[in-house]
Amino acid sequence: MLLRSYTREFVRPECRPEAQSVHLVAHLDEDIGEVIPYLNAVLGGFQFIKDPPSVSFRLHGKLIAIHARKICVNALRDQSEGDKIVEWLKQEINATWERRGEIEPSYESAPRPRVIDILRLLPRTNCGKCGLPTCMVFAAQAGEGGRRAGDCPALSGEGAEKLDKYLGAFRFD
Ligand code: SF4
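Residues numbered from 1 in each chain as written. Predicted model: local features only at pLDDT ≥ 70, side-chain atom pairs only at ≥ 80, totals over all residues. Heavy atoms only, no water.

## What about the site of the ligand?
No. 1: As a structural note, the neighbourhood of the ligand is formed by Pro123, Thr125, Asn126, Cys127, Gly128, Lys129, Cys130, Cys135, Phe138, Cys152, Pro153 and Ala154.
No. 2: In this structure the site holding the ligand corresponds to the largest cavity. (Near = heavy atom within 4 Å. 1 Å grid on protein atoms, 1.4 Å probe; cavity = no way out; pocket = protein on both sides within 12 Å on 5 of 7 lines; lining within 4 Å. Sits in = over half its atoms within 2 Å of the grid points.)

So, in structure tokens, the structure goes:
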């Protein structure tokens, strides 16, 4: 077993202390740096950094960053949600480490959608019907996996299909 134990620290976003969501930092008692390229291969990280090693990916709208000595998870509903995610990550880390002989490690970041390309596929009227102030904000959120074509009421059938097809080429979870 590579990762045996950790201590949890829950923090509120510094800039918005009134925010309802919490962030979790799990401080790891073991150094898991060696497993990170294997985790990147298994979980499909959107960002991989070789030195010092880290991998980031998204899960149900949360950003998860795994470093050699800590795991950070943002935008949690509550502490129990954070506990479940970190326990699941611990299992994934240890299972991946056990199977590392069968896995080709990956040192690449997954391709990401370009905000400018998403913007081109939107009506660009800034009508606000989606609840966001501009199409640029919508495009930025869609590029992070937080919006789909169906969230833009001003998009026509064919236009929605094109945006769905474009976003469908990327992995967000
Ligand atoms: S509803 Fe669509 S067109 Fe209107 S602001 Fe939102 S993204 Fe732009």
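Read on, since the account is not over.
## Some thoughts on the domain arrangement of the chain
No. 1: Segmenting the chain into domains produces domain 1 (6-102) and domain 2 (115-168).
No. 2: Averaged C-alpha coordinates put domain 1 and domain 2 at centres separated by 29 Å. (Domains from an automatic or database assignment.)

## Observations regarding helix α2 (residues 79-98)
Side chains of residues three or four places apart in an α-helix project in the same direction, reflecting 3.6 residues per turn.
No. 1: With 20 residues, α2 ought to run about 28 Å at 1.5 Å a step, and its terminal C-alpha atoms sit 29 Å apart, in line with that.
No. 2: Buried within α2 are the following residues: Glu81, Gly82, Ile85, Val86, Leu89, Lys90, Ile93, Asn94, Thr96 and Trp97.
No. 3: Looking at the packing, one finds that the buried side of α2 touches β1 (6-11), β2 (22-28), α1 (36-43), β4 (54-59), β5 (62-67) and β6 (70-76). (Helix = DSSP H or I, 4+ residues; strand = E, 2+ residues; numbered from the N terminus. Expected span 1.5 Å × (residues − 1). Buried < 20%, exposed > 50% of the residue type's maximum accessible area, 1.4 Å probe, protein only. Contact = heavy atoms within 4.5 Å.)

## Regarding the pairing of β6
No. 1: Relative to β6, β2 runs antiparallel, the two being bridged by five bridges. From the neighbouring strand, leucine 24 faces β6, where its bridge partner is valine 73.
No. 2: Sheet topology places β5 next to β6; three bridges connect them, and they run antiparallel. Residue isoleucine 64 lies in a different strand from β6, and its bridge partner there is valine 73.
No. 3: Connecting β5 to the antiparallel partner β6 that follows it, the hairpin turn spans two residues. (Pairing = 2+ DSSP bridges.)

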